[in-house]
Amino acid sequence: MKEKLCVLAGPASKDLAKNVAKILNAELIDVELKIFPDGESKVRIDGDLHGKLAVIVQSTYPPVDTHLMQSLFMIGKAVKMGASVCAVIPYLAYARQDKEFLHGEAVSMELVGNLFNSSGAKNLVSVDVHSQMALSYLKIPAYNVSAVPLLANYFKSQKLAQPLAVSPDTGGAARAQEFARNIGTSSIALPKFRDRNTGEVTIDLNAPELKTAKGRDAILIDDIISTGGSIVKATEALLKAGCRKVFVACTHALLLNGALEKIMNAGASEVVATNTVPSQVSKVDVAPAICDQVSKLNE
Ligand code: R5P
């Protein structure tokens, strides 16, 4: 059933919310934010939500816990104001801690899932969630939207020599395949190893997959760039294997600890990301993909 739509611009995603409202031709409602000296957030929804479907857009990039709490405050209040709520959380924090990797570790995503389950939201839409496992902790209907076709579109207009889509790890093989399908080429996934204690990343430079990279332009595709460790190692491996150029595409560019500089210093030609996390490389707008999903939910 079609409900009257409005879009709430969460403090973390004001520009993206504006794009979403424009495509949906919906009223954009501002959310006032006050941060107290102790770090607590207070949100105030400035509009009338009664009887409407409120699409609340708020990514949970750093400061992660602050943005997460703000999203829950907005959802809870919107429900109290008489709206049914579609929570759009483009970057879903904690999705990487979707299981106990080392004995005694908390499965953070389980708690985060439960918070959204009990928030009052009718459903949740996210973009390139790290894993299916992470999504499985959401018991309210949860939808994962792919930004890969939009990222691929960006590269379609570039003049690339025998492009090759590359995932820096085997976990992202399907993503690289999707990217490759969209630009009409092939893909490989590199064998990456991460030390769970130190976080250090290694990639086998003698991996047979690297043989196909010689003389070609590689596009590394990943869901998240956090410290850049994975992309730096993958860029170095591809250039050593004889790649002509290495481009980098990712959905969520957290770019922590000087990640972008490290990636460029490793020899990458360009880094392109979406606007799920605002950054200097957020060149691709994910609003069209989010709106497709929201429109389907409101049919
Ligand atoms: C890991 O499996 C993810 O897909 C990313 O590759 C990872 O989170 C990136 O982190 P970093 O940039 O710190 O290597």
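Let me begin by describing the structure that accompanies this report.

## Concerning the nonpolar core
Counting 31 residues, the largest nonpolar core has L8, L49 and F116 as its most contacted members. Residues within four places of F116 in sequence aside, it is in contact with L68, S71, L72, I75, I89, L92, L124, L138 and I140. Grouped together as the second largest cluster of nonpolar side chains are 30 residues, V232, V246, L255 and V271 included.

## Describing the side chain of Q97
Residue placement: Q97 occurs in the loop between β5 (84-89) and α3 (108-117). A distance of 3.1 Å separates a polar atom in the side chain of Q97 from the backbone oxygen of K99. Residues within four places of Q97 in sequence aside, it is in contact with E105, A106, V107, S108 and M109.

## Structural notes on the site of the ligand
In the region of the ligand, 14 residues are neighbours, and D222, D223, T227, G228 and S230 sit closest. In this structure, R194 approaches the ligand through a side-chain N or O atom, which is 3.0 Å from an oxygen atom. Between the ligand and G229 there is a distance of 3.5 Å, counted from an oxygen atom to a backbone nitrogen or oxygen. About the coverage of the ligand: the protein hides 89% of its 380 Å² of free accessible area. Those elements that provide at least two residues to the shell around the ligand are β10 (192-194), β12 (217-225) and α7 (229-240). Per element, the largest residue contribution to the shell around the ligand is four residues, and it comes from β12. For the shell around the ligand, the residue count by class is two nonpolar, six polar and six charged.

## Considering the side chain of S13
Mapping S13 onto the fold places it in the loop between β1 (5-9) and α1 (14-24). With residues near it in sequence (within four places) discarded, S13 still touches V57, Q58 and S59.

## Topic: helix α5 (residues 148-156)
V148, L151, A152 and F155 are the residues of α5 that are buried. For α5, the buried positions fall inside an angular range of 100° around the axis, keeping them on one side. Taken together, the buried residues of α5 touch α6 (173-183), β12, β13 (245-253), β14 (270-274) and β15 (282-284).

## Quick word on the pairing of β14
Among the five residues of β14, five are classified as buried, and the element is accordingly described as predominantly covered. For β13 and β14, the ladder comprises four bridges, and the chain directions are parallel. The residue bridging F247 from the neighbouring strand is E270, located in β14. As for the winding sense of the linkage, the β-α-β connection from β13 through helix α8 (residues 259-265) to β14 is right-handed. As defined by bridge partners, β14 adjoins β15 across two bridges and the pair is classed as parallel. Within β15, the residue paired with T274 across the bridge is V284.

Parameters at a glance
- Residues numbered from 1 in each chain as written.
- Predicted model: local features only at pLDDT ≥ 70, side-chain atom pairs only at ≥ 80, totals over all residues.
- Heavy atoms only, no water.
- Core = buried A, V, L, I, M, F, W, Y, C linked by side-chain atoms within 4.5 Å.
- Buried < 20%, exposed > 50% of the residue type's maximum accessible area, 1.4 Å probe, protein only.
- Contact = heavy atoms within 4.5 Å.
- Helix = DSSP H or I, 4+ residues; strand = E, 2+ residues; numbered from the N terminus.
- Polar contact = N/O pair within 3.5 Å; in protein donor to acceptor, adjacent residues only side chain to side chain.
- Near = heavy atom within 4 Å.
- Areas by Shrake-Rupley, 256 points an atom, 1.4 Å probe, with all protein chains shown as cover.
- Nonpolar A, V, L, I, M, F, W, Y, C, P; charged D, E, K, R; others polar.
- Arc of directions from axis to C-beta.
- Pairing = 2+ DSSP bridges.
- Right-handed = clockwise from strand over helix to strand, strands pointing away.

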